[in-house]
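# Observations on the model geometry
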Amino acid sequence: MEPLSVPLPTAIYPLFVGGEKSVNALNQAFERQREIVLAIQRQSGVDEPGFEDVYEIGVLARLIDLKSLADGTLTVQAQVHRRVVIRRFLAENGAFQAE
């Protein structure tokens, strides 16, 4: 999400995602329950972000639509449900899972 955006409950946001782990996480979530935690990365220049590189407050969102673009990135429509606290990352199948 854009660092200047304030995600409001029930609002629908378009997202453009290109990071490998983010793309993997979105694809996995879309195939499963379609819920995902969205968090803002502290520094956009970090290519392989870890737990310390994202803000610990995120939002739980439901994926509404997911489309692959020609350059390998994804465009996603996500509806925000509520704020969540991210305690840690669990790596699974090339994507992060938040706890």
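Here, every reference points to the structure presented above.
Residues numbered from 1 in each chain as written. Predicted model: local features only at pLDDT ≥ 70, side-chain atom pairs only at ≥ 80, totals over all residues. Heavy atoms only, no water.

## Considerations on the pairing of strand E1 (residues 12-17)
Defined as follows: In this scheme, a residue with accessible area under 20% of its type's maximum is buried, one over 50% is exposed, and one in between is partly exposed, where area comes from a 1.4 Å probe on protein chains only. The numbering of helices and of strands both runs from the N terminus, where a helix is a DSSP run of H or I of at least 4 residues and a strand a run of E of at least 2. Pairing between strands is defined by DSSP: at least two bridges between the two strands are required.
Residues Tyr-13, Leu-15 and Val-17 of E1 are buried on one face, while the alternating residues Ile-12, Pro-14 and Phe-16, pointing to the opposite face, are not. Pairing of E1 with strand E4 (residues 74-85), which is carried by 6 bridges, proceeds in the antiparallel orientation. Across the sheet, residue Leu-15 finds its bridge partner in E4, namely Val-76.

## Focus: the pattern of salt bridges
Formally: What counts as a salt bridge is simple: a side-chain nitrogen of Lys or Arg found within 4 Å of a carboxyl oxygen of Asp or Glu.
According to the stated counting rule, one finds 2 salt bridges in the structure shown. As a salt-bridge pair, Glu-56 and Arg-42 come within 2.9 Å of each other at their nearest N and O atoms. Of this pair, Glu-56 sits in the loop between strand E2 (35-38) and strand E3 (57-68) while Arg-42 sits in the loop between E2 and E3, placing them 14 residues apart in sequence. Look at Glu-56 and you get partly exposed, because its relative accessible area is 38%. The exposure class assigned to Arg-42 is partly exposed, which follows from its relative accessible area of 36%. For the salt bridge of Lys-67 with Asp-65, the shortest nitrogen-to-oxygen distance reads 3.7 Å. Judged by its relative accessible area of 29%, Asp-65 falls in the partly exposed class.

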